[in-house]
Amino acid sequence: MKAELPLHAPGTQLDKGYIGQSVPRPNTQRLLQGRGTFIDDLRFPRLAHVAFFRSPYAHARIRKLDFSNAIKSPGVLAVFDGPKVAEYCKPWVAVLAHLKGIKSPPQYTIAIGRACWQGEAVAAVVAESRSQAEDAVALIEADWYELPVVVDMEASLRGDYVIHEEFTDNVCFKREHDTGGVDEAFAQADAVVEDTFHFGRHTGVCLEGRAILADYNAAEHSLTVYHATQAPHMMQDIFSRHLDIPEANVRVIAKDVGGSFGIKVHVYADEMATAAISVIMRRPVKFVADRLESFLSDIHCREHRVRIKIAVKKSGEILAFDLDDLTAIGPYSVYPRTSGIEGNQVVNLTGGPYKHQKYRAKMHCVFTNKNVTCQYRAVGHPIAVALTEGIVDLAAQKIGMDPAEFRRVNLIADDAYPYTFPSGIKFEKLSHHQTLDLLLKKMDYQGLREEQKSLRAKGVYRGIGLAAMIEVTNPSPAFYGVGGARISAQDGATLRLEPTGMVTVMCSVTEQGQGTEAIFAQIAASAVGVTLDKIKVITGDTGVTPYGGGTWASRGAGIGGEAVLQAGRALRANMLDVASRILNLEKNEIDILNNEVVNKLTLESKMPLAELGRVAYFRPDTLPIDFQAELTVTRHYTPRQYGFTFTNGIQGSLVEVDPDTGFVKLLKHWCVEDSGTVINPMLVDEQIRGGVVQGIGAALYEECIYGPDGQLLNGNMADYLVPMSGEMPDIVCAHVETPTKQSQLGAKGVGEAGTAGAPGAIMNAVNDALLPLNARVTAMPFTPERILKALKKV
Amino acid sequence: MEHALEATLTVNGTKVTRRIAPRMHLVDFLRDELGLTGSHIGCEHGVCGACTVRVNGEIVRGCLMLAVQADGCTVDTIEGLSDSQELSRLQKGFHEHNAFQCGFCTPAMLMAAQELVRQKKTFSREEIRVHISGNYCRCTGYQAIVDAIESVIGK
């Protein structure tokens, strides 16, 4: 059943207002005309610029830093080392209580005594311009003592050399999960297949680098931070606690943010240093990561090696999965979300779409001397989906069953919900079979299979790949809050009727281009009964919006949207209270529609909202003496019934592999997703497409390649490949809508689904193309070199 | 300013004369000296295309050209071409097709697409895809951008 959105006159049709309409995003003309405000666009008096001197070594002791030449360089205002900044900013340890046993050493804003990865900041130069600061960085002299470097995760796990002397091994976090009965299931199987998958380390490459402008006001002991962040309130709390400034004196403002994808939801040492330096120097200080330092210091992600085994019957029935995941996270767990979550998600989600009951998983998360890794778009999902779907295809092949049919046999039935998965996670309501059927129809799966066969006879190697998926969205406090992280699982929205009849919406969920402001406008307009042009949405300012978590884990629509809906309904009720007094009509006789108070039955106009606003704000003397209009309302929402809302979907990929060059040509891609109530199909589809393309990047192009000495070998935009328009296929999107009943809006979220499923679908398509050539690839990204190696041509 | 050179440029129709450090890139000059912050800096090594501006009628990477090299040149930026309405059809197409998300690459993407518009021909999706391959977008997946450009100059 669909959530009932603003129901107007009884007996008239269900009016969903703008919900489900592909309206173009309001509030965005500035971005089209070059009038946006990204951090680097801000101009401040007395603004100082910081540039960092970064470690050239992956692991080295800092014996001496000599700033004597740097400090004399033109325009230089100050040079700081780690101990100096540490006087103003407390270090942090990124652990969570519910990730039992997770450990990490204290991390400082600027390394003290030792650098643990190439690119870690070891000194900061502040100057009147960024170029002057960079000039001076080049004049810093350092005396280094190189330490042993751990780059290989297997070596890290063995503990040949322990990176942090306070620990006895390199294990940050480990987890084991066992339903029991796994060995018995494997003993009963008709077929067992096993494989090892490797997932390369890659990164977000937001087109706008990380950026922060911190402005400390010594007179008020207050700090205003303009920050390219996804989570302003989380950062407010962190600046407050680590810089020892009262929370109410810290204001975090996220104006336009140039892409985030999870990159901009973490605490970065260099950004904390920038804020601390603003406090030390009592003036505004800006840091914008340039592209080279982005590659060295933006969080990386993935880097997993997973061995997985599956037990199946001849009928295709999956009996059990057994997996062993090893993942390397760099030298520190990242604050405050920790770097244990991705591996944890692999354990939670592997095998997720299927109805087997036996499951065993082992996961180790280890320290290495490479840049840190943490949560990037679809956290853990691309790993879990690809290894599930990769091994499922191999099992289908072993028993001689079509991969689509194999999935149909094993997908959890659409009427089996609520359902508890063997890893312990709970699904409210998913629609795997509906999405599979729709995908196969959209693809013309049979037609493609026939075409594939006829083309193979002509020496053309096409492959078709499928990847079913589940996606975590709308996390409850069980995700971070229960572990002690001060990250809000609830969000709030304030709606205010303006005197002219416009409505201002202030919401704690932020906008980085997904269209959250657009959907909040659609929801608010629908809930209040006004047209879209009457809505103004404000996000990204802790001084203005209610408290909330921000944008991550596909939670904007599901949590923030529900808060807007609740606030909109409450505001409408309050507006009707006022109208009934002005009009001397019973509240149940009237409603609000298209910016007017109307008769509920006849829809005849009784009063424009501008008149309601005029009376309520400027002539309340004409209202009854015991009545006070309340035309600003705030509502909050926290998902609580389930740990997460889950979405489901399935992707299909059609590729052509050139066996002579190893190049993969993407011919077409399909994604059928059930994200619950779709608020704006156009925005949802382009979210999915953008996510798919990032997943394609992971599958085919993107990898942070490190040498044996821990040096990043391709840390620039020319050598690190991201998808370009010429290589990308058209992507067909379709939807099944199963609204969540946890909220009235019913939105489940959609931001990460594309990235979650695409790598698995591409991998299966590539291997399907390679099958007649007896080749198989399992290490992402599938570069031409790796494909040619698999074909034994190089 | 030591070693600064005087240069005169016509930026968005207005003549400006400044003493400019020889090492300053054109995009930094536009942003920091003239306050035209619509041209963005994405990589500073000529790959991402976010700094695309028009010099004497040709689009260039603002991070690969020195400001002093533009002495005597006509420079057009997103701000100027928005105010002159030259980009209005493309901007409308981008808006209606949701051909941008975060908006960081958008001004440059519009500048690149306008090169096709100015040829007064029609183009296939494939040709459009190839033409904008020098401009990275990390948000959209490109399809909506291709749709938007196609809505203006498609076959």
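What counts as what
- Residues numbered from 1 in each chain as written.
- Chains lettered and ligands numbered in written order.
- Predicted model: local features only at pLDDT ≥ 70, side-chain atom pairs only at ≥ 80, totals over all residues.
- Helix = DSSP H or I, 4+ residues; strand = E, 2+ residues; numbered from the N terminus.
- Rg over C-alpha atoms; globule rule 2.2 N^0.38 Å.
- Contact = placed C-beta atoms within 7 Å.
- pLDDT = per-residue confidence, 0-100.
- Pairing = 2+ DSSP bridges.
- Domains from an automatic or database assignment.
- Nonpolar A, V, L, I, M, F, W, Y, C, P; charged D, E, K, R; others polar.
- Axes fitted to C-alpha atoms, helices over the stretch in contact; angles between N-to-C directions.
- Left-handed = near helix turned anticlockwise from the far one by under 90°.

Enquirer: Looking at this model, I keep getting lost on the overall build of chain A. Mind explaining?
Expert: Counting its secondary structure elements, chain A contains 19 helices and 29 strands. Whereas a compact globule of 794 residues would reach a radius of gyration of roughly 28 Å, chain A reaches 28 Å, a difference of no more than 12%. The principal-axis extents of the C-alpha atoms in chain A amount to approximately 85 × 75 × 50 Å. Across chain A, every contact between residues at least 6 apart in sequence was considered, and the portion connecting residues at least 24 apart equals 80%.

Enquirer: Please clarify how the interface of chain B and chain A should be interpreted in this entry.
Expert: Bring the parts together and some accessible area is lost; that lost area is often taken as the interface size. Each partner contributes residues to the interface: chain B has 42 residues there, and chain A has 43 residues. Of all elements in the fold, only helix 2 (78–83), helix 3 (88–96), helix 4 (106–117), helix 5 (125–131) and helix 6 (143–153) of chain B reach the threshold of two or more residues within the side of chain B that touches chain A.

Enquirer: It is not clear to me how the confidence of the model for chain A should be interpreted in this structure. Could you clarify?
Expert: Reading fine detail from the predicted coordinates is not recommended where pLDDT is low. On average, chain A scores 96 in pLDDT, and the residues at 70 or more come to 98%. Of the regions scoring below 50 in pLDDT, residues 1–14 of chain A engages in 27 contacts with residues more than four places distant in sequence or in other chains.

Enquirer: I tried to follow the sheet that holds strand 4 (residues 114–115) of chain A on my own but got confused; where do I start?
Expert: Across a sheet, paired strands are connected by hydrogen bonds in the backbone, their directions being either parallel or antiparallel. Residue and element names in this part refer to chain A. Strand order in the open sheet formed by three strands is 4-2-6, with antiparallel pairing between adjacent strands. The open sheet terminates on both sides in strands that have one partner only, identified here as strand 4 and strand 6 (141–146). Summarising the sheet, strand 2 (residues 60–66) and strand 4 pair through two bridges and their orientation is antiparallel. Across the sheet, residue Arg 61 finds its bridge partner in strand 4, namely Arg 114.

Enquirer: Hey, could you run me through the domain arrangement of chain A in this one?
Expert: Residue and element names in this part refer to chain A. When the domains of chain A are assigned, the result is domain 1 (29–36 + 490–637), domain 2 (39–147 + 205–297) and domain 3 (379–477 + 641–790). Relative to domain 2, the C-alpha centre of domain 1 lies at a distance of 39 Å. Grouping the constituent residues of the side of domain 1 that touches domain 2 by class yields three nonpolar, 12 polar and one charged.

Enquirer: What am I meant to see in the packing of helix 4 of chain B against helix 6 of chain B here?
Expert: Describing two packed helices takes the angle between their axes plus the distance from one axis to the other. Residues and elements named next belong to chain B. Relative orientation of the contacting elements helix 4 and helix 6 amounts to 30 degrees, with a least axis distance of 10 Å. For helix 4 against helix 6, the interelement crossing comes out right-handed. Seen from helix 4, the contacting residues are Met 109, Ala 113, Leu 116 and Val 117; seen from helix 6, they are Ile 145, Ile 149, Val 152 and Ile 153. Each residue belonging to the contact of helix 4 with helix 6 can be placed in one class, and the counts come to eight nonpolar, no polar and no charged.

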